[in-house]
Amino acid sequence: MSSEPALRLALRYCISEGITFAAFRSPGGAVTLWAQQTPELDRCENGLWLELNDVFLFSPFRAADRTPLIRSDVELTFGDAEPHWHRLMECTGSGEPMASRQHVGTSREAFESAVAQAREECVTGPLEKVVISRTIRLEVGAEEAGSLFVEAVNARPDAFVALVSSPEHGLWLGASPERLILAENDSIRIEAIAGTASIATAPSEPTGWGAKERHEQRVVTKSITGSLIDLGARTITVEGPDVLIAGPVAHLRTSVTATLENRTVEELVNAIHPTPAVGGLPPGLALARIEALEDGDRELYAGFWGPWSADGRMELFVNIRCMRVFPDHAEMHVGAGITKGSTPAREWEETEYKADSWRELIRVPSTV
């Protein structure tokens, strides 16, 4: 990428000055950086997303009544020609030092205990699936975040790579393989991704995958198509599953396309988020078990984010394969879908494979 020097300088400046910004690259697209001239976030009331253009929408896992967004007061596109990144000097940062906190990550004992409890509830009760996540401390800090973003852009061409900062939420870095929704005009596309295997062992054909992984995929696809039907969508088409390669892991993926009539894309997003791929089924019970069994707030992990233009292209991704970056370390989030077919040791290994998507880039060896 010929503009890497300018991109690295721009990201370093944004981070050091505490500017509210979103740098992102959609699969097949160019790196874009949107920065605000002022640090305070705007929020959009529910029902008003159709008034938003050229903003970066993002939501925590537990969505609120007002969705945060980052404006594109300054827009830089990094392609064949280097942009004038000095335009970022028009922006004023928060002036506050970056937050820090002590964290050592989720122990294997605690994670496997939570998985065992969740599996038991899937066996004996109405819980069908619940996603249990853990955090991992990485020895990489804010000074390395810009370079790590560039590394991910180069190494993960099929992922949505984003580096996002705001005074309220801190600095987040992600490389998600999972598109929540792509909408243009009345046509929408949703990807149902569930089931995980190491690329070293993943079958090349979906029929070769295990029953547990194929069941997870069917659950997510059924939930998404059911939401579309409830919203009155027409010409619903389901394609797949196929095998998606995402760094060191592979997933099962099904694509669902449809046409919306008399309903907004915002209504669809609110209906499907969080999907069973990051939450579970039944949704209410799964969310309650996540809160009880996990050892911390997910914050932006497993929420959604992406560029939004109601007059054109609306594209949101599920914020997985992500981390919150602090001055001296980062906290990476990884999760696994728990069903009655789960075993704690295998679910731990699955999260280790997912963690390798970033550990490979920062050259930290796997512990498995």
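Residues numbered from 1 in each chain as written. Predicted model: local features only at pLDDT ≥ 70, side-chain atom pairs only at ≥ 80, totals over all residues. Heavy atoms only, no water.

Novice: Any chance you could explain the overall build of the protein chain here in plain terms?
Specialist: Helix and strand content of the protein chain: 7 helices and 18 strands. Relative to a compact globule of 368 residues, whose C-alpha radius of gyration would be 21 Å, the protein chain shows 20 Å and is just as compact. Its C-alpha atoms put the protein chain at 60 × 50 × 35 Å along the principal axes. Looking at the protein chain residue by residue over its 368 residues, the buried ones come to 56%. Total accessible area on the protein chain stands at roughly 15,200 Å², and carbon and sulfur atoms take up 48% of it. Where the 34 positive side-chain charges of the protein chain centre and where its 53 negative ones centre are 5 Å apart. (Helix = DSSP H or I, 4+ residues; strand = E, 2+ residues; numbered from the N terminus. Rg over C-alpha atoms; globule rule 2.2 N^0.38 Å. Buried < 20%, exposed > 50% of the residue type's maximum accessible area, 1.4 Å probe, protein only. Areas by Shrake-Rupley, 256 points an atom, 1.4 Å probe, with all protein chains shown as cover. Lys, Arg positive; Asp, Glu negative; His and termini not counted. Charge placed at Lys NZ, Arg CZ, Asp CG, Glu CD.)

Novice: Would you take a moment to explain the packing of helix H1 (residues 4-17) against helix H3 (residues 142-155) for this structure?
Specialist: It is at 9 Å that the axes of H1 and H3 come closest, and there the two elements cross at 145°. Considering only the axes of H1 and H3, their crossing is right-handed. The segment H1 lies against H3, with Glu4, Leu7, Arg8, Leu11 and Ile15 engaging Ala142, Ala145, Gly146, Ser147, Phe149, Val150, Glu151 and Asn154. Taken together, the residues that form the contact of H1 with H3 break down as 7 nonpolar, 3 polar and 3 charged. (Axes fitted to C-alpha atoms, helices over the stretch in contact; angles between N-to-C directions. Left-handed = near helix turned anticlockwise from the far one by under 90°. Contact = heavy atoms within 4.5 Å. Nonpolar A, V, L, I, M, F, W, Y, C, P; charged D, E, K, R; others polar.)

Novice: Where do I start with the nonpolar core in this structure?
Specialist: Nonpolar side chains in soluble globular proteins tend to be buried together. By size, the foremost hydrophobic cluster in this structure holds 67 residues, and its most contacted members are Phe56, Ile188 and Trp308. Here this core takes 5 residues from helix H2 (residues 108-124), the largest share from any one element. Filtering out sequence-adjacent residues up to four positions away, isoleucine 188 remains in contact with Ile181, Leu182, Ala183, Leu228, Val256, Thr257, Ala258, Leu260, Val265 and Leu268. (Core = buried A, V, L, I, M, F, W, Y, C linked by side-chain atoms within 4.5 Å.)

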